[in-house]
Amino acid sequence: MSSQVIEGGAALPPWTARLRGLHLGRWGLRGVAILYLGIAILLPIVAVLLKGYADGFDKLRLALATPGAIEAIRLTLVTSAICTVINAFFGTLLAYVMVRYRFPGRNLLSAIVDLPFAIPTLVTGVMLVALYGPASPVGGWLKEHGIDVVFAPLGILISLLFVTLPFVIRTVQPVLSELDIAEEEAAFSLGAGGWTAFRKVVLPALRPSIAAGALLVFARAIGEFGAVVIVAGNLTGKTLTAPVFIFQLANQFRPEEAAAVAAILFVISFSLVLLTDRLLRRKPRKI
Amino acid sequence: MRPAIRVNELGKRFGDFVAVEGVTFDVEEGKITALLGPSGSGKSTVLRMIAGLEDPSSGEILLAGEDQTHVSVQDRKVGFVFQHYALFRHMTVSQNIAFGLTVRKEPRNKRVKRVNELLELVHLGPFGDRFPDQLSGGQRQRVALARALAPQPKVLLLDEPFGALDARVRQDLRRWLDELHRELGITSVLVTHDQEEALELAHKVVVMHEGKVEQIGSSEAIYNEPATPFVASFVGAANVIRGLVIGGRVQFGEQQLDGAEHLNDGDAAHAFVRPHDVLVSMERADGSSSPAVVEALSNLGWTSKVRLTLPDGQALTAQVPNDKLEGVTEGKRVFVDLRNAKVFAPGGRAVEPSDELAAV
Amino acid sequence: MGMTVGSGGSTSGAIRTHASRTRLIRGLLIALALSYVSILLLAPLAGIVWAAIKGGMDVVSETFARADVRHAFWLTGIITLVTVVTVTVLGMLTAWVLVRDDFPGKRFLNALVELPLAVSPVTVGLMAVLLFGTGGWFSDFFAARGIQIIFALPSMILVTIFISIPFVIREVGPVLEELGTNEEEAALTLGASPIQTFFRVTLPNVKWGLLYGMALSTARALGEIGAVLIVSGSIQGQTETATLYVFRALEERQEASGYVVALTLAAISILLLAAIETFKHRQSKEARS
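These numbers come from a predicted model, not from an experiment.

## Observations regarding the overall build of chain C
Within chain C, the regular secondary structure consists of 12 helices and zero strands. The C-alpha atoms of chain C give a radius of gyration of 25 Å, which is well past the 19 Å a tight globule of 289 residues would have. If you line up chain C on its principal axes, its C-alpha atoms span 90 × 65 × 35 Å. Counting across all 289 residues of chain C, residues that qualify as buried make up 57%. Put simply, of all contacts in chain C between residues at least 6 apart along the chain, 71% involve residues at least 24 apart. Surface exposure of chain C reaches about 11,700 Å², of which carbon and sulfur atoms provide 65%. If you average the places of the 21 positive and of the 20 negative side-chain charges in chain C, the two averages end up 11 Å apart.

## Brief notes about the sheet that holds strand 12 (residues 249-252) of chain B
Residues and elements named next belong to chain B. Taken in spatial order, the five strands line up as 13-12-11-14-20 in an open sheet, and their pairing is antiparallel. In this open sheet, the two edge strands, each paired with only one partner strand, are strand 13 (255-258) and strand 20 (342-344). When strand polarity is set aside, the average angle formed by the axes of neighbouring strands in this sheet is 40°. Sheet topology note: the strand 11 (residues 239-246)/strand 14 (residues 268-273) ladder contains six bridges and is antiparallel. Note that in strand 14 the partner of Arg-242 across the bridge is His-270.

## As for the sheet that holds strand 4 (residues 58-63) of chain B
Residue and element names in this part refer to chain B. Here four strands make up an open sheet; going across it, the order is 2-1-4-5 and the pairing antiparallel. Each edge of the open sheet carries a strand with a single partner, namely strand 2 (17-27) and strand 5 (66-67). Where strand 1 (residues 5-14) lies against strand 2, seven bridges are found, and the strand directions are antiparallel. Each bridged residue has a counterpart across the sheet, and for Arg-13 the counterpart in strand 2 is Val-18. The sheet contacts of helix 1 (residues 43-51) involve strand 1, strand 2 and strand 4, and relative to strand 1 the element is tilted by about 115°.

## As for the pairing of strand 9 (residues 204-209) of chain B
Residue and element names in this part refer to chain B. Counting buried positions over the six residues of strand 9 gives six, a clear majority of the element. Here strand 9 shows a buried face lined by Lys-204, Val-206 and Met-208 and a second buried face lined by Val-205, Val-207 and His-209. By the bridge criterion, four bridges tie strand 3 (residues 32-36) to strand 9 in an arrangement that is parallel. Along strand 9, the bridge assignment pairs Leu-35 with Val-206. In terms of strand pairing, strand 9 meets strand 10 (residues 212-217) through five bridges, oriented antiparallel. Paired with Val-205 across the strands is Gly-217, a residue of strand 10. In this antiparallel pair of consecutive strands, strand 9 and strand 10, the connection spans two residues, and Glu-210 shows a positive phi of 50°.

## Observations regarding the packing of aromatic side chains
Enumeration over the complete set of coordinates arrives at 19 aromatic pairs over all chains. With a centroid separation of 5.6 Å and 75° between ring planes, the pair formed by Tyr53(A) and Phe57(A) is classed as edge-to-face. On the numbers, 3.7 Å between centres and 5° between planes, the contact of Phe90(A) with Tyr36(C) is stacked. Separated into two different chains, Phe90(A) in helix 3 (residues 69-100) and Tyr36(C) in helix 1 (residues 12-53) make up a pair that spans both. What makes Phe90(A) buried here is its relative accessible area of 15%. Among the aromatic residues, ring-to-ring pairing joins Tyr96(A), Tyr101(A), Trp195(A) and Phe198(A) into one connected group. When the ring centre of Tyr101(A) is taken as origin, the NZ or CZ atom of Arg26(C), which lies over that ring, is 5.3 Å away.

## Quick look at the interface of chain C and chain A
Each side of the interface is counted separately: chain C has 101 residues, and chain A has 100 residues. Here chain C and chain A share an interface that buries about 9,300 Å² over both sides, 77% of which is from carbon and sulfur atoms. In this structure, the connection of chain C to chain A is made through two salt bridges. With a closest N to O distance of 2.7 Å, Asp101(C) and Arg30(A) form a salt bridge. The interface formed by chain C and chain A includes eight residue pairs in polar contact (both at pLDDT 80 or more). Of all the elements, helix 1 of chain C adds the most residues to the side of chain C that touches chain A, at 19 residues. For the side of chain C that touches chain A, the class distribution of residues is 68 nonpolar, 20 polar and 13 charged.

## Focus on the confidence of the model for chain C
Residues and elements named next belong to chain C. The pLDDT averaged across chain C works out to 87; a share of 92% of its residues lies at or above 70. Across residues 1-16, where pLDDT falls below 50, the model places 25 contacts with residues more than four positions away in sequence or in other chains. ipTM for the predicted complex: 0.87, alongside a pTM of 0.82.

## A word on the pairing of strand 19 (residues 333-338) of chain B
Residue and element names in this part refer to chain B. The element strand 19 is extensively covered by neighbouring structure, given that five of its six residues are classed as buried. Bridge count between strand 15 (residues 278-281) and strand 19: four bridges; the pairing is antiparallel. Bridge pairing links Val-278 to Leu-338 in strand 19. Note that strand 16 (residues 290-299) and strand 19 share four bridges and pair antiparallel. Each bridged residue has a counterpart across the sheet, and for Pro-291 the counterpart in strand 19 is Phe-335.

## Focus on the environment of Asn110(C)
All names here are of chain C. Inspection of the secondary structure assignment puts Asn-110 in helix 4 (residues 106-118). With a relative accessible area of 5%, Asn-110 lands in the buried category. Separated by 60 residues in the primary sequence, Asn-110 and Arg-170 have C-alpha atoms spaced 9.9 Å apart.

## Remarks on the pattern of salt bridges
All names here are of chain C. Scanning the entire structure with this criterion turns up 33 salt bridges over all chains. The partner of Asp-68 in a salt bridge is Arg-248, with the nearest N and O atoms 3.3 Å apart. Of this pair, Asp-68 sits in helix 3 (residues 67-100) while Arg-248 sits in helix 11 (residues 242-251); the two residues are 180 residues apart in sequence, bridging distant segments of the chain. Side by side, Asp-68 and Arg-248 carry an identical accessibility label, which is buried. The salt bridge partner of Arg-248 is Glu-240, with a shortest N-O separation of 2.6 Å.

## A look at the environment of Leu263(C)
Secondary-structure assignment places Leu263(C) in helix 12 (residues 255-288). Setting aside residues no more than four positions away along its own chain, Leu263(C) makes contact with Ile48(C), Val49(C) and Ala52(C).

## Re the nonpolar core
One finds Leu37(A) and Leu115(C) to be the most contacted residues of the largest nonpolar core, which totals 178 residues. Among residues more than four places away in sequence, those in contact with Leu115(C) are Ile41(A), Ile45(A), Phe266(A), Phe270(A) and Phe162(C). By size, the runner-up hydrophobic cluster in this structure holds 45 residues, among which are Leu173(B), Ile186(B), Val205(B) and Val235(B).

Definitions and cut-offs
Residues numbered from 1 in each chain as written. Chains lettered and ligands numbered in written order. Predicted model: local features only at pLDDT ≥ 70, side-chain atom pairs only at ≥ 80, totals over all residues. Heavy atoms only, no water. Helix = DSSP H or I, 4+ residues; strand = E, 2+ residues; numbered from the N terminus. Rg over C-alpha atoms; globule rule 2.2 N^0.38 Å. Buried < 20%, exposed > 50% of the residue type's maximum accessible area, 1.4 Å probe, protein only. Contact = heavy atoms within 4.5 Å. Areas by Shrake-Rupley, 256 points an atom, 1.4 Å probe, with all protein chains shown as cover. Lys, Arg positive; Asp, Glu negative; His and termini not counted. Charge placed at Lys NZ, Arg CZ, Asp CG, Glu CD. Pairing = 2+ DSSP bridges. Axes fitted to C-alpha atoms, helices over the stretch in contact; angles between N-to-C directions. Phe/Tyr/Trp six-rings, centres within 6.5 Å; stacked < 30°, edge-to-face > 60°. Lys NZ or Arg CZ within 6 Å of the ring centre and 35° of its normal. Buried area = accessible area lost by both parts, 1.4 Å probe. Salt bridge = Lys/Arg side-chain N within 4 Å of Asp/Glu carboxyl O. Polar contact = N/O pair within 3.5 Å; in protein donor to acceptor, adjacent residues only side chain to side chain. Nonpolar A, V, L, I, M, F, W, Y, C, P; charged D, E, K, R; others polar. pLDDT = per-residue confidence, 0-100. Core = buried A, V, L, I, M, F, W, Y, C linked by side-chain atoms within 4.5 Å.

The structure is reproduced here in structure tokens:
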């Protein structure tokens, strides 16, 4: 356990955790860390914000005037929202199944759901095209029945579902494992059916972690590029998403406009990530 | 004879919080000195400053006559035993014990020899290849001790070494530490909140409270001649009788107690009396006995705890050997004789008597 | 939903029904969960294996015979290696500072660590362009020294580092916090220098968390596409990574080799996934003890 010199009474400031002698000069190590994070992270972000908004909202207006821009943003927000709802449900379901039940292959399942964290998003896109593209048996069959996946919004949705699957599972699982099953059993003994017990005992306790996971899903989904750019076809006004749109602007040597739009996406994502840390207060991933 | 450790006007602040102030004491060569006090008294902080794990805000620390106040931990060559052992979890017992020698690049055969010596000393001979998580609390603490002793430090510092252990193990280890110290004779400083431990093991006790030194003395002196109300109430259980000083004596209700010569007439006073200094009898022994009513009686084996109420309403607890309790039962009117009262002016925060007496 | 208890049914028939209904629900839930995962994750994997192998094993060997494919993998390897080494060393140090030290602005620094996770890869590429591309803040500085950043390896490494920063820090930090300073202090009292303490005591104690973070960074670095697409210029044979190769292959409709390279990347990722899961397990096992 931590050896904070906290002898009952008042909690002493965290400086007591400092180890004398472990500092190569007070600002040595500290300075390296500050420089590392400052230059590697802070500087580029500031560049985007400044370049995008150096002329006030002009660049943004220009960017949004581009044909397909507004639709792209709307498409991104809508598909991300739908994806969030679906994966919030299935993520919770998976977490529940993996924590509460024992069945053959449970450990394998636990590993598989982490797959989106390991696989390149581009490869995900390629896999989806391989499976749902017109050349494959599955894709062909779907097309015959009027369901377009590749080069259609449905494909975008499936890509987002794939890459964001682990998030809710990871936020819900630890909380669920800590819950005492005795509470549910007490509910049963008092006459509650399975679903009622779940709804009234388990779900309320899980709400913050489900919400946190959902926010992470949304934040991740609105920025997804690799899978979407392959699957969607990027048809302006139809299957063009905001990240791909930003990419196009950058390619057209309109970096400031790209920055203006990118900044919006970034602000949304980062706010959600910060909010998530608060919701997960019980065991903050923050240091 | 030059003290092994001299601490001079030592102080430590954390921001606005004053953890330690004006602490001065000597530690004699070859003896155990205890720093005794409740949580928050600053005793661990003082120990850590002696070790070099904290920087003093003021004052100085001399080890063997040399000013080491700003010398780094590594160079002070002190042995430190932590409350929660702090064993290196990824190393075996032998590797743990050898650590101080390994970092000093001692040749392998010397290391092995020393490790085996120490394993024998702490009676853990066959455990050399075990890992800390395979040992019990008591065993771990012995490894921690062996590890601290391996590099032959001049001074051994122990920070509540038995605090994390259960009562029985604590007793055993206390006895064992005593024997070890007799054998090795190494200068030691022991931080503890357990007064029994301090009184039993230490040659000299430094009582601390809220960052300051309350009293320094031998175990007997601390116990029998407490210098402040805090010491009187913290060390050993004590009753507190409140009264008024008249003619050098403390008057409470109809009774008077000797011992208030140092106070002025008319002052309020607190008299501290140990439960075993309260004599209970059915008849009035002499003029100074006070009547009292027995409220409750608890048999503790060979003694009993008797709770009484004095005529002026104040409560009193006596600890009486059972063979002296003829006729004393609950509700009875008896007489009490208070011996060895230590009288202080009120003020100076003393532990509330009820908490301490509960531990009798 | 739990295992046994019936809802106080009076006849054994009712209890039996409830228990079997519970089993049924359990079975349904597991089936639903497994189906979702199979359809969403596993089916596409099958799809790509089929697509890659459909042309026969010749396609595979032909693909790896191509110079640009070999170069692409080599480049990916270099970038990943440099990235992982950098974020590991600097990440370990930063985690230590963030956990053990305190100074004004530390909380802000803490929040910064999360930032790359919230940024879309295209934005990352854009950042590099804004800093080093024409008209960028540092473009003159580097141009004057004849150093090319954009459309060259340096920018690709930089953007990959950016997106990989959080993993090591986020995994090592909490472990350091849990461990506390006791063992490190003990080492100091025994005469170890700060460096000795770090290598002999701290590092072994954070080993699994560190490896876990490194594996995650490796997977992330390997798979980067959005940012490198913007900064690399995709110059065949020079600034084309494995992922960029796949992108180009699909665009130019020579799908066969694209699928093969994609499948290879998938296979490597699955190996990494195995490593990730192993390290994750070891770390939580240690945390529990």
